[in-house]
Amino acid sequence: MHIWGMYGLALATVVAYFIQKAILIVYNRTYNGIPFSSYIEMKYYLIYSMLSILPYIYLLDFCMTFTTAYSILSEKLMTVYDSREASIIARYILEDVFNATFWSERK
């Protein structure tokens, strides 16, 4: 979590889910002789998978926008204020603009 942060945690969860499903599909085919198409309608599975992935991509883009805006704003404010004051001011401005709180302040 230290390297990738919350984005990496979410991505790792999604990847682990798909790896688990792939292992189960191979296991059912190899040891039980049950083909994938006999218990899953492929068309509906693909639609469901895409509908599950799209919100993740949308939210990831929003979070990246939020953190990028924070970085740029605090960088600009550091020309006038010291780094601690600049980061606090940037947080307050972004909380007002995005109507959100930072992860560390959620209760």
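Residues numbered from 1 in each chain as written. Predicted model: local features only at pLDDT ≥ 70, side-chain atom pairs only at ≥ 80, totals over all residues. Heavy atoms only, no water.

A. Up close: the overall build of the protein chain. Within the protein chain, the secondary structure is distributed over four helices and zero strands. Overall, the protein chain shows an N-to-C arrangement of helices and strands of α-α-α-α. Sorting the 107 residues of the protein chain into buried and exposed places 13% on the buried side. Nonlocal contacts in the protein chain, meaning residues at least 24 apart in sequence, comprise 42% of its contacts between residues at least 6 apart. Of the roughly 8800 Å² of accessible surface on the protein chain, a fraction of 67% belongs to carbon and sulfur atoms. (Helix = DSSP H or I, 4+ residues; strand = E, 2+ residues; numbered from the N terminus. Buried < 20%, exposed > 50% of the residue type's maximum accessible area, 1.4 Å probe, protein only. Contact = heavy atoms within 4.5 Å. Areas by Shrake-Rupley, 256 points an atom, 1.4 Å probe, with all protein chains shown as cover.)

B. Spotlight on the side chain of Ser74. On the secondary structure map, Ser74 appears in helix 3 (residues 42-77). Those residues in contact with Ser74 that lie beyond four places of it in its chain are Ala86, Ser87 and Ala90.

C. View of the environment of Ala69. Here Ala69 shows up in helix 3. Taking the C-alpha atoms as reference points, Ala69 and Leu94, separated by 25 residues in sequence, lie 7.9 Å from one another.

D. Spotlight on the environment of Pro35. Relative to the helices and strands, Pro35 is located in the loop between helix 1 (5-32) and helix 2 (36-39). The partly exposed category is assigned to Pro35, whose relative accessible area is 27%. On a C-alpha basis, the gap between Pro35 and Ile25 in space is 7.9 Å, while along the polypeptide they are ten residues apart.

E. Summary view of the packing of aromatic side chains. By the definition in use, this model includes four aromatic pairs. When the ring of Phe36 is compared with that of Tyr39, the centres are 5.7 Å apart and the planes differ by 85°; the resulting orientation is edge-to-face. With Phe36 and Tyr39 both in helix 2, this residue pair falls three residues apart, about one helical turn. The exposure class assigned to Phe36 is buried, which follows from its relative accessible area of 18%. Here a set of aromatic residues connected by ring pairs shows up, and it is made of Phe36, Tyr39 and Tyr45. (Phe/Tyr/Trp six-rings, centres within 6.5 Å; stacked < 30°, edge-to-face > 60°.)

F. Up close: a nonpolar patch on the surface. Together, Tyr44, Ile47, Met50, Leu51, Leu54 and Ile57 make up a nonpolar patch on the protein surface, roughly 630 Å² of accessible area in all. Mapped onto the fold, Met50 is located in helix 3. Using a relative accessible area of 47% as the deciding quantity, one classes Met50 as partly exposed. (Patch = residues over 30% accessible without salt bridge, like charges linked within 9 Å, V, L, I, M, F, W, Y side chains within 5 Å. Salt bridge = Lys/Arg side-chain N within 4 Å of Asp/Glu carboxyl O.)

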